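If you want the building blocks of each chain, they are given just below.
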Amino acid sequence: MSLDWIYWGISWILLIWHSAWDAIGVPATAALGTNWAWILSIIFLVITVRVILFPVFVKQIKSQRAMQALAPQIKALQEKHKGDRETLQKETMELYRKEKANPLMGCLPMFLQIPVFLGLFHVLRRLSPDNPQPTIYGWSLDQFTSASNAKLFTAPISGRFGSTSEQLSELGANPTTVKVMAGVLVLIMMATTYLTSRQMILKTGWAQDPQQRMIQRLMLYGIPASLLISGSIFPIGVIIYWVTNNLFTLGQQQWVLRKYPPPPTASLPGLPGSGSRTAGTGNRQGTGSKAAPAAKPSGLFGRTKANGAQPAPKPTVDTKALAPKPGAKPVNPKKGRPAKRQG
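It should be emphasised that the depicted structure is a prediction, and the values quoted were computed from it without experimental measurement. (Residues numbered from 1 in each chain as written. Predicted model: local features only at pLDDT ≥ 70, side-chain atom pairs only at ≥ 80, totals over all residues. Heavy atoms only, no water.)

Examining the layout of surface pockets
What the second largest pocket holds in volume is close to 270 Å³. Surrounding the second largest pocket, 13 residues form its lining, Arg 85, Leu 88, Gln 89, Pro 210 and Gln 211 being those nearest its centre. Among the elements of the structure, helix H5 (85-99) and helix H10 (210-230) are those that each provide at least two residues to the lining of the second largest pocket. In terms of residues, the lining of the second largest pocket owes the most to one element, H5, which gives 6 residues. Among the residues making up the lining of the second largest pocket, the classes are represented as 5 nonpolar, 5 polar and 3 charged. (1 Å grid on protein atoms, 1.4 Å probe; cavity = no way out; pocket = protein on both sides within 12 Å on 5 of 7 lines; lining within 4 Å. Points joined across faces, edges and corners; volume = space filled by probe spheres on them. Helix = DSSP H or I, 4+ residues; strand = E, 2+ residues; numbered from the N terminus. Nonpolar A, V, L, I, M, F, W, Y, C, P; charged D, E, K, R; others polar.)

Regarding the packing of helix H3 (residues 54-69) against helix H6 (residues 108-125)
Running from amino to carboxyl end, H3 crosses H6 at an angle of 150°, the nearest separation of the two axes being 9 Å. For the element pair H3 / H6, the angle class is roughly antiparallel. Mapping the contact onto sequence places Val 56, Phe 57 and Gln 60 in H3 and Leu 108, Pro 109 and Leu 112 in H6. (Axes fitted to C-alpha atoms, helices over the stretch in contact; angles between N-to-C directions. Parallel < 35°, antiparallel > 145°, perpendicular 65-115°, else oblique. Contact = heavy atoms within 4.5 Å.)

Some words on the side chain of Gln 253
If you trace the backbone, Gln 253 turns up in helix H11 (residues 236-259). For Gln 253, a relative accessible area of 6% puts it in the buried group. From its side chain, Gln 253 meets the backbone oxygen of Thr 196 in a polar contact 3.1 Å long. A distance of 2.5 Å separates a polar atom in the side chain of Gln 253 from a polar atom in the side chain of Gln 199. When near neighbours in sequence (up to four residues on either side) are disregarded, Gln 253 contacts Phe 57, Thr 196, Gln 199 and Met 200. (Buried < 20%, exposed > 50% of the residue type's maximum accessible area, 1.4 Å probe, protein only. Polar contact = N/O pair within 3.5 Å; in protein donor to acceptor, adjacent residues only side chain to side chain.)

A few points about the environment of Ile 61
Among the secondary structure elements, Ile 61 is positioned in helix H3. Sequence-wise, Ile 61 and Val 256 are 195 residues apart; in three dimensions their C-alpha atoms are separated by 8.2 Å. In this structure, Ile 61 is in contact with Met 200 and Val 256, ignoring residues within four places of it in sequence.

Geometric descriptors of this kind do not, in isolation, establish any biological role.
As structure tokens, then:
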């Protein structure tokens, strides 16, 4: 299937935003070694795509809430069919179908952004002075020439960490500058990719379904690690897109999670440094109620008493009740003792 319609769409959005920045006076020439009109065009390409996909993101949140609501039933199925993976998977999928929950909905926004990413990768890769078709996908010759010379701190946006010296010399770039800039951006891309996944898992918790949990682990650790290798083939402009997209995701998730907080029964994950707790209670897993406050030594000799507990009051003696009543015979305290023998 031809992807030309994606290339045309990406090019159209980029050129529209570039024309907008040019119209409001953003300089086309480099300032601080950066052509800001093209950098801003890539950034606002992200914003345009994310605004279009916002309804899908809301469906993703609703699907995750539905999965959390099914967590007790999934756990019961796991205990019921322990050791029988085939039956467990069959009944789990039947439960999803009955409750109209889709475990793959959590990845849908990412999947929908893949064509945009590939389209931008293709368009930026073409920004080379030796391109025989500079005006394809609706570009004018002036726009193509301007984008081919666009830089971020003197590093061309079409340059890559893995670009050869010959390729970079055609773009008039310093190979060391390009590698340093691309390397820093790849590290930022990996860090922000990890943070977006960690933010969501910290708020919504690990899934009870093993398949869903495997997807969460892949998104948390696998994808950021893979970027260390694949990032070397990404043009700098594509990495700018990815980092901007991650930052947008962090802000959007923070807003959505505050407006639509997870249900109180959702268990928080055991990420390093986070501890396993139950949301809304603050108790460690495995306890049904708050633990009693630990006793700590107090007093001069380190006597132990419970936190906040008052010492038991000493019994009081009613001296009036013990006093003899008027006219009563005195009690002989020696009564009952054997009499002394007379000497």
